[in-house]
Amino acid sequence: AIQAKEHLIHISTISTENQRTLFKPLLDDFRQTLVIFFENALRKERLIAYFLFLSIFIFFGTLVITYRNDKRNRSALLRFRKAVETSDNSIVITDADRLITYVNESFETISGYTSHEVLGKNPNILKSGKTNDFTYQDMNNKLKTNQRWEGQFVNQKKDGTLYYEKVSITPIVSENILEGFLAIKLDITDIIESKKKIESLAYY
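First, a word on scope: everything that follows refers to the structure included in this document. All values derive from a computational prediction rather than experimental measurement. (Residues numbered from 1 in each chain as written. Predicted model: local features only at pLDDT ≥ 70, side-chain atom pairs only at ≥ 80, totals over all residues. Heavy atoms only, no water.)

Next up on the list: the side chain of Ser90. Within the secondary structure layout, Ser90 lies in strand S1 (residues 90–95). For Ser90, a relative accessible area of 1% translates into the label buried. Ser90 has contacts with Asn104, Ser106, Phe107, Ile110, Glu165, Ala183, Ile184 and Lys185, leaving out every residue within four places of it along the chain. (Helix = DSSP H or I, 4+ residues; strand = E, 2+ residues; numbered from the N terminus. Buried < 20%, exposed > 50% of the residue type's maximum accessible area, 1.4 Å probe, protein only. Contact = heavy atoms within 4.5 Å.)

Dropping the structure here:
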């Protein structure tokens, strides 16, 4: 556009100097061509400028929306993490191969294992041998089909002490892909012991 404008000025000067020459018609045609080219160039520049402005506006708008959503999601995740970490229930998260990737403080307190001792290991390190095989079979059959399972285990702490847990295990599925498992476990040892004591008093 700048070059076309310079040519137009130059052509105007030449045209003025050669008003009565045979070159005037040719100069007029050439000048008209340059005028059209100049106007088209300006039109393209405006379209490019509008497009860039609109793109930048959309980009910053998207950026603001993404930031707000990210901030809201981060806040929700922090609340969820706080709730998980301070829960009275043992919470265990594993990957798709059932290897532990996370345990909360309650798990450490109840089982006696620290998170560093169990990360990367299978939860069966807690097996006591007192839970019947049918329970594990039922659990595996449901989890293989990505179904939620609930049941009860007799597990063993790090020091060898037995304890009872009511367990709920939920597959973590994202876009039809199994990502892992979430286990929420409630220590019901006191309840079981009290029940046994009541039965003993009632029958014996």
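Once you've had a look at it, read on.
In this section: the nonpolar core. Counting 18 residues, the largest nonpolar core has Phe107, Met139, Trp149 and Ile169 as the members making the most contacts within it. Among the elements of the structure, strand S2 (100–103), helix H3 (105–111), helix H5 (133–144), strand S3 (149–156), strand S4 (162–174) and strand S5 (177–187) are those that each provide at least two residues to this core. Contact partners of Trp149, with chain neighbours within four places excluded, come to Thr135, Asp138, Met139, Lys142, Leu143, Val167, Ser168 and Ile169. (Core = buried A, V, L, I, M, F, W, Y, C linked by side-chain atoms within 4.5 Å.)

Attention now moves to the sheet that holds S2. Reading across from one edge, S2-S1-S5-S4-S3 is the order of the five strands in this open sheet, with antiparallel pairing throughout. The open sheet is flanked by S2 and S3, the only strands paired with a single partner. If you compare each strand with its neighbour and ignore which way they point, the axes differ by 25° on average. Helix-sheet contacts for helix H6 (residues 189–203) involve S3, S4 and S5, and the interaxial angle to S4 is about 135°. (Pairing = 2+ DSSP bridges. Axes fitted to C-alpha atoms, helices over the stretch in contact; angles between N-to-C directions.)

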